[in-house]
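Observations on the model geometry
Okay, here's what each chain looks like letter by letter:
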Amino acid sequence: KDFDETKFNVVEPLIDEAVYLEEQMIALKNYPFIKSREYKGEIQTKVTAAGKQYREYLQTYTNIIDKLCRMLGKVEGDEDSPLREFFDMMKKGGN
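What comes next is a walk through the structure. (Residues numbered from 1 in each chain as written. Predicted model: local features only at pLDDT ≥ 70, side-chain atom pairs only at ≥ 80, totals over all residues. Heavy atoms only, no water.)

Looking at the overall build of the protein
Helices and strands together make up the secondary structure of the protein, namely 3 helices and 2 strands. Overall, the protein shows an N-to-C arrangement of helices and strands of α-β-β-α-α. Burial status across the protein gives 22% buried among its 95 residues. Counting only contacts in the protein whose residues sit at least 6 apart along the sequence, the fraction spanning at least 24 positions is 59%. (Helix = DSSP H or I, 4+ residues; strand = E, 2+ residues; numbered from the N terminus. Buried < 20%, exposed > 50% of the residue type's maximum accessible area, 1.4 Å probe, protein only. Contact = heavy atoms within 4.5 Å.)

Structural data, given as C-alpha cells:
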C-alpha cells in the first residue's frame, strides 16, 4: 500500500499523541493505582488519582491505536509496517 503524504499528515499527530501517552503511562506506573484502608473492621479500596489518570490515558491510547490500525490497514504479523517503523525510530530517539 502506498503511504501518501496526505495520509501521513493525518497519521503523524496521532502517532505523536500515542507516543506521548505511552510515556505518561510508563511514568504513572511508579505510583500506586489502588489505596486500601481498614474502616470499622472492613478493608476499603479506592482508586488513586494515578490510577484514574492511567485509566483515562489507556482508553485514549487504545482509541488512537485502533484508529491508526484501521487507517493503516493492519496486517497480521506485519512487523515492518510504517507505524512499527516510526515507533521503533522514536524509541531510538529519532525525530
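Re the pattern of salt bridges
It is possible for side chains of opposite charge to pair when their charged atoms get near one another. In total, this model carries 1 salt bridge according to the counting rule given. Across the salt bridge formed by Arg-70 and Asp-66, the nearest N and O atoms sit 3.0 Å from each other. Here Arg-70 pairs with Asp-66, and both are found in helix α2 (residues 49–72), just 4 residues apart, close to one helical turn. Under the relative-accessibility criterion, Arg-70 is labelled exposed at 57%. Judged by its relative accessible area of 42%, Asp-66 is partly exposed. (Salt bridge = Lys/Arg side-chain N within 4 Å of Asp/Glu carboxyl O.)

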